[in-house]
Amino acid sequence: DSVYFQATKFFFDEKNQQLFSVRSGGATDVVIKRPHHTNVITYRLKDRGPVISIKLSPNMSVLSVQRSKKRVEFIHVTNLKLEYSQPVRGKNSVILGFVWTSNTKVVYITDLGIEIYSISQDK
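Residues numbered from 1 in each chain as written. Predicted model: local features only at pLDDT ≥ 70, side-chain atom pairs only at ≥ 80, totals over all residues. Heavy atoms only, no water.

*Asks:* Sorry, what's going on with the overall build of the protein here?
*Replies:* The secondary structure content of the protein amounts to 0 helices and 11 strands. Going from the N terminus to the C terminus, the protein shows its helices and strands as β-β-β-β-β-β-β-β-β-β-β. Rg of the C-alpha trace for the protein: 15 Å, near the compact-globule value of 14 Å for 123 residues, within the 12% margin. Dimensions of the protein along its principal axes, counting C-alpha atoms only, are 45 × 40 × 25 Å. Counting over 123 residues, the protein shows a buried share of 39%. The long-range share in the protein, meaning contacts at least 24 apart out of those at least 6 apart in sequence, stands at 30%. Accessible area of the protein: about 7,300 Å², with a carbon and sulfur share of 54%. Charge separation in the protein, taken as the distance between the mean sites of 18 positive and 10 negative side-chain charges, equals 3 Å. (Helix = DSSP H or I, 4+ residues; strand = E, 2+ residues; numbered from the N terminus. Rg over C-alpha atoms; globule rule 2.2 N^0.38 Å. Buried < 20%, exposed > 50% of the residue type's maximum accessible area, 1.4 Å probe, protein only. Contact = heavy atoms within 4.5 Å. Areas by Shrake-Rupley, 256 points an atom, 1.4 Å probe, with all protein chains shown as cover. Lys, Arg positive; Asp, Glu negative; His and termini not counted. Charge placed at Lys NZ, Arg CZ, Asp CG, Glu CD.)

As structure tokens, this is what we get:
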């Protein structure tokens, strides 16, 4: 007999004022809530390992998920099958965090500096 565990982690995006509840175990369920808003956003993603950080673009069209210290995955929320990832440029760099600066720009904060990327909203 196997034992099935589900772990829930919470993340808060200060810039967009969003609280993320991420439950994994077979699939990754994401629930997003915002203060002063009654609507709740939910997604079910493939479970590809533990989530380090998770954020939505300011226009809420691209979900960004960091599962490793080397790359961030970008998933279009209107079609969860449209996804791609952006690795850090320096092969010895480590992503310490990331932030959306606009609907199409994301900045990685690395141990060696910052990296700025343009993210396609309709890829």
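*Asks:* I'm lost on the sheet that holds strand 1 (residues 7-13) in this one. Help?
*Replies:* By way of backbone hydrogen bonds, the strands of a sheet pair with one another, either parallel or antiparallel. Strand order across the open sheet formed by 4 strands is 1-2-3-4, with antiparallel pairing between neighbours. At either margin of the open sheet sits one strand with a lone partner, and together these are strand 1 and strand 4 (41-46). If you compare each strand with its neighbour and ignore which way they point, the axes differ by 20° on average. Here 7 bridges tie strand 1 to strand 2 (residues 18-24), and the two strands are oriented antiparallel to one another. Considered in strand 2, the bridge of Asp13 is made with Gln18. (Pairing = 2+ DSSP bridges. Axes fitted to C-alpha atoms, helices over the stretch in contact; angles between N-to-C directions.)

*Asks:* I'm lost on the nonpolar core in this one. Help?
*Replies:* When a protein is soluble and globular, its nonpolar side chains tend to lie buried together. By size, the foremost hydrophobic cluster in this structure holds 15 residues, and its most contacted members are Phe20, Val30, Ile32, Tyr43, Ile54 and Leu63. Secondary structure elements with two or more residues in this core: strand 2, strand 3 (27-33), strand 4, strand 5 (53-56) and strand 6 (62-66). Ignoring any residue separated from it by four or fewer positions in sequence, one finds Phe20 in contact with Lys9, Phe10, Phe11, Asp13, Val30, Val31, Ile32, Ile54, Lys55, Leu56 and Leu63. Core analysis: the next-biggest nonpolar cluster, separate from the first, contains 12 residues, Val72, Val106, Tyr117 and Ile119 among them. (Core = buried A, V, L, I, M, F, W, Y, C linked by side-chain atoms within 4.5 Å.)

*Asks:* What is the right way to read the environment of Pro50 from this model?
*Replies:* Take Pro50: it is sitting in the loop between strand 4 and strand 5. Under the relative-accessibility criterion, Pro50 is labelled exposed at 61%.

*Asks:* It is not clear to me how the side chain of Gln66 should be interpreted in this structure. Could you clarify?
*Replies:* By the element assignment, Gln66 lies in strand 6. Looking at Gln66, its side chain comes within polar contact range of the main-chain oxygen of Ser68, at 3.0 Å. (Polar contact = N/O pair within 3.5 Å; in protein donor to acceptor, adjacent residues only side chain to side chain.)

*Asks:* What exactly am I supposed to notice about the pattern of salt bridges here?
*Replies:* Oppositely charged side chains may form a pair once their charged atoms are brought near each other. Considering all chains together, one arrives at 5 salt bridges under this definition. Taking the shortest distance from any N to any O, the salt bridge between Arg23 and Asp29 comes out at 2.6 Å. A relative accessible area of 32% means that Arg23 is categorised as partly exposed. A salt bridge links Glu83 to Arg48; the nearest nitrogen and oxygen atoms lie 2.4 Å apart. In this pair, Glu83 is assigned in strand 8 (residues 83-87) and Arg48 in the loop between strand 4 and strand 5, connecting sequence segments 35 residues apart. (Salt bridge = Lys/Arg side-chain N within 4 Å of Asp/Glu carboxyl O.)

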